[in-house]
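Here is how the chains run, residue by residue.
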Amino acid sequence: MKEKITGAEALMRSLEAEGVDVLFGYPGGAIMPTYDALYDHRKTLHHILVRHEQGAAHAAQGYARVSGRVGVVIATSGPGAMNTITGIADAMIDSTPMVVICGQVGAAMLGTDAFQEVDVIGVTQPITKWAFQIRKAEDVAWAVSRAFYIAKSGRPGPVVLDFAKNAQTGLVEYEPAKVDFIRSYRPVPVPTDETIREAADLINKAERPLVLVGQGVELGDAREELRQFIEKADMPAGCTLLGLSALPSDHPLNVGMLGMHGNLAPNVMTNRCDLLIAVGMRFDDRVTGNLDTYAKQAKVIHFDIDPSEINKNVSVDVAVVGDCKATLARVTALMKEQRHTAWIEGFRPYWDKEREMVIERAIHPTEGPLLMGEVVRAVSDATQKRAIMVTDVGQNQMFGCRYFQYTQGRSVVTSGGCGTMGFGLPAAIGATFGAPERTVCLFVGDGGLQMTIQELGTIMEQKCPVKIILLNNNFLGNVRQWQYLFFNKRYSFTPMLNPDYEGICTAYGIPSRTVVDRKDLAGAIKEMLDTPGAFLLQVAVKEEDNVLPMTPPGANVDEMMLEIK
């Protein structure tokens, strides 16, 4: 007769079978049997006690983004589960693999409005790849294996398991399960030979091709395939916010960041190219601007693993559905060696113009207050462009993504589609566990830091070596910029009265320093990087600095403002 174990113990063994070694969570009543089982698995399952369940979800995202593995969250029912919702929605739109395991009241009490009962499945179904309620211990092994398979296969995303308390305490003859096929679920479509040929033919005929690089390249581990693809046909490539580290910053064909606060050259040339090649990106409105005028002169090829993205925002001429690691290689094999020297040279005047009017002023100011751009570039240079950059959301995010530079993949962790303030600090914590061998630098504003500032307690307890660069302008800076431009400078509730951040760090045992003068910046950055463990470097930056260039909302992608008069 086989050994009988509880459903909670079955969960522990199933997580170990999936190769899980790090969990982010917070205990509570309905998940207590699971935490009791976890007590006996502490040597194999390292549990990180966060200070808020939202922090657990964002930490799991940071872990997943830098490691390529599935992030795991454990929370209790009701408010515990609901506190993970923002992170689940964020993971869904940014294609981050995550499994969230929530406690739930016993199956016999479902629907009775029992203490801390919330319809987790009803709430999370629209923002997950799969949401399932485990009502009996016999389903644990199967549900966990299926959850991990769905979360990490195809276009990754979050899965929720709602774990009824009776299923945690019930007994089961445990057998490991391995789900690697689900009828009607086709995670990786296979393109036809004809589609591959059509894509190669368009590229071979193009005189002015432009490649748009998205996070799908990172998720598909296709960085090398992308490099061979663009180099063979000598095609310039711009990167989306989440795709920035898919191509080294100094690659000669990297023409910069796309989008509202991206670089002038790739945005302008989007409406000049004769062939637009999108790889693992979804034509987000922040990239396209006004869709009515977006790249209307160009043929469009779209490489994507998710068929639902094809023709969703931009009509395409050739859709190459499938894993871009495979599809890029197949198309590259049929491409001709080409040189597009004149076309690439056409980007230079726009780069020169932006460098003179924006970039040099942002990273090499000679007077006045410190600027966010110069701080970001100084940290990037001090880490030899090998660090992981995590950002919160707002001006810190835009300046970070514009001026941090990369030599390695999986180096950008930021909230893209959701734009979640408070994301940065817990995501940086997760990143230190996902890539413990790398330096993790967090750029955060005074607004975003206060949204999840309690996670300094997690850093204190776990000794997470997060290098926190607080860009403090005493404003909700991004909203203030829009108020300046579009609301007649009416700063409605965007000025911030800030606490003593160094005093707060002292309470948590985290070293810190504040910089006000430019002459002290380099030494402070060195001190931060040389200090073992966590460090908070607060930089007092210009209060009314603005992120430029900027495509105003509703404007054409090539109508970028380089200055504000």
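Residues numbered from 1 in each chain as written. Predicted model: local features only at pLDDT ≥ 70, side-chain atom pairs only at ≥ 80, totals over all residues. Heavy atoms only, no water.

Caption draft 1: Highlighting the overall build of the chain. Check the secondary structure of the chain and you find 24 helices and 20 strands. The C-alpha atoms of the chain give 24 Å as radius of gyration, which agrees with the globular expectation for 565 residues (24 Å, within 12%). For the chain, the spread of C-alpha atoms along the principal axes amounts to about 75 × 65 × 40 Å. Of all 565 residues assigned to the chain, the portion counted as buried reaches 60%. Sequence separation of 24 or more characterises 76% of the internal contacts of the chain that already satisfy a separation of 6 or more. In the form shown here, the chain has an accessible surface area of approximately 22300 Å², with 51% of it arising from carbon and sulfur atoms. (Helix = DSSP H or I, 4+ residues; strand = E, 2+ residues; numbered from the N terminus. Rg over C-alpha atoms; globule rule 2.2 N^0.38 Å. Buried < 20%, exposed > 50% of the residue type's maximum accessible area, 1.4 Å probe, protein only. Contact = heavy atoms within 4.5 Å. Areas by Shrake-Rupley, 256 points an atom, 1.4 Å probe, with all protein chains shown as cover.)

Caption draft 2: Quick peek at the packing of helix α3 (residues 53–67) against helix α5 (residues 85–93). Where α3 contacts α5, the axes come no closer than 7 Å and their chain directions differ by 25 degrees. Of the possible angle classes, the one that applies to α3 and α5 is roughly parallel. Counted together, Gln54, Ala57, His58 and Gln61 of α3 and Thr86, Gly87, Asp90 and Ala91 of α5 form the full contact between these two elements. Among the residues making up the contact of α3 with α5, the classes are represented as two nonpolar, five polar and one charged. (Axes fitted to C-alpha atoms, helices over the stretch in contact; angles between N-to-C directions. Parallel < 35°, antiparallel > 145°, perpendicular 65-115°, else oblique. Nonpolar A, V, L, I, M, F, W, Y, C, P; charged D, E, K, R; others polar.)

Caption draft 3: Local environment of the packing of aromatic side chains. If you walk through the whole model with that rule in mind, you get 14 aromatic pairs. Ring centres of Phe404 and Phe443 lie 5.8 Å apart, and the angle between their planes is 65 degrees; on these two criteria the pair is classed as edge-to-face. Residue Phe404 is found in the loop between α18 (395–403) and β16 (412–413), and its partner Phe443 is found in strand β17 (residues 440–445); the two are separated by 39 residues along the sequence. Arg146 extends its terminal NZ or CZ atom over the ring of Trp130, reaching a point 4.7 Å from the ring centre. (Phe/Tyr/Trp six-rings, centres within 6.5 Å; stacked < 30°, edge-to-face > 60°. Lys NZ or Arg CZ within 6 Å of the ring centre and 35° of its normal.)

Caption draft 4: Main features of helix α1 (residues 7–17). Within α1, eight of the eleven residues are buried, which leaves the element mostly enclosed by the surrounding structure. Of all the positions in α1, only Gly7, Ala8, Glu9, Ala10, Leu11, Met12, Ser14 and Leu15 are classed as buried. Just beyond α1, the residue with positive phi is Gly19, at close to 80 degrees.

Caption draft 5: Unusual backbone geometry, seen in detail. Note the cis peptide between Leu548 and Pro549, where omega equals -5 degrees. When you line up the elements, Pro549 lands in the segment after β20 (535–540). At Asp221, a residue that is not glycine, the phi angle is positive and equals roughly 50 degrees. With respect to the secondary-structure elements, Asp221 resides in the loop between α10 (216–219) and α11 (223–232). Look at Asp221 and you get partly exposed, because its relative accessible area is 40%. Its identity as a non-glycine residue notwithstanding, Asn474 has a phi of 60 degrees, on the positive side. Positionally, Asn474 belongs in the loop between β18 (466–472) and α22 (477–486).

Caption draft 6: Expanded view of the sheet that holds strand β6 (residues 130–134). Taking strand neighbours across the sheet as the criterion, the six strands line up as β3-β2-β4-β5-β7-β6 in an open arrangement whose pairing is parallel. Unpaired on one side and paired on the other, β3 (46–49) and β6 mark the two borders of the sheet. Recorded for the sheet is a direction-independent mean angle of 20 degrees between the axes of neighbouring strands. Running over the sheet, helix α7 (residues 140–152) touches β4 (71–75), β5 (98–104), β6 and β7 (158–164) and is turned about 170 degrees from β6. (Pairing = 2+ DSSP bridges.)

Caption draft 7: Geometry of the pairing of strand β2 (residues 22–25). The side-chain alternation of β2 yields two buried faces, one formed by Val22 and Phe24 and the other by Leu23 and Gly25. Examined bridge by bridge, β2 and β3 share four bridges and lie parallel to one another. From the neighbouring strand, Val22 faces β3, where its bridge partner is His46. As paired strands, β2 and β4 are joined by two bridges and run parallel to one another. When the bridges of β4 are listed, Gly25 appears paired with Ile74.

Caption draft 8: Structural detail: the side chain of Glu374. Tracing the backbone shows Glu374 in helix α17 (residues 372–382). Its relative accessible area of 7% is what places Glu374 among the buried residues. Within polar-contact distance, the side chain of Glu374 engages the backbone nitrogen of Leu371 at 2.9 Å. The residues touching Glu374, leaving out its near neighbours within four places in the chain, are Ala362, Ile363, Pro365, Pro369, Arg518 and Leu521. (Polar contact = N/O pair within 3.5 Å; in protein donor to acceptor, adjacent residues only side chain to side chain.)

Caption draft 9: Region of interest: the pattern of salt bridges. Tallying each qualifying case throughout the model produces 24 salt bridges. Residue Glu9 is joined to Arg13 by a salt bridge in which the shortest nitrogen-to-oxygen separation is 2.9 Å. In this pair, Glu9 and Arg13 both sit in helix α1, four residues apart, roughly one turn of the helix. Classification of Glu9 by relative accessible area gives buried; the value is 15%. The class of Arg13 is partly exposed, set by a relative accessible area of 27%. Residues Glu225 and Lys325 are paired through a salt bridge, measuring 3.1 Å at the closest nitrogen-oxygen approach. Pair noted here: Glu225 is in helix α11 and Lys325 is in helix α14 (residues 324–334), with a separation of 100 residues, a long-range link. Look at Lys325 and you get partly exposed, because its relative accessible area is 34%. Each of the salt bridges in this network shares a partner with another, and the network as a whole consists of Arg155, Asp306, Glu309 and Lys312. (Salt bridge = Lys/Arg side-chain N within 4 Å of Asp/Glu carboxyl O.)

Caption draft 10: Geometry of the domain arrangement of the chain. Partitioning the chain into domains gives domain 1 (4–173), domain 2 (193–348) and domain 3 (369–540). In this structure, domain 1 and domain 3 have C-alpha centres spaced 29 Å apart. Counting residues at the interface gives 26 residues for domain 1, matched by 26 residues for domain 3. Here domain 1 meets domain 3 over a buried area of about 2000 Å², counting both sides, of which 61% is carbon and sulfur. When the buried surface of domain 1 facing domain 3 is broken down by residue, Arg51, Arg65 and Val66 rank first, second and third, together holding 33% of it. For the salt bridge of Arg51 with Glu461, the shortest nitrogen-to-oxygen distance reads 2.7 Å. Here domain 1 and domain 3 share eleven residue pairs in polar contact (both at pLDDT 80 or more) between them. Looking at the side of domain 1 that touches domain 3, the elements with two or more residues in it are β2, β3, α3 and α5. Ranked by residue count, the leading element in the side of domain 1 that touches domain 3 is α3, at eleven residues. The residue makeup of the side of domain 1 that touches domain 3, split by class, is eleven nonpolar, eleven polar and four charged. (Domains from an automatic or database assignment. Buried area = accessible area lost by both parts, 1.4 Å probe.)

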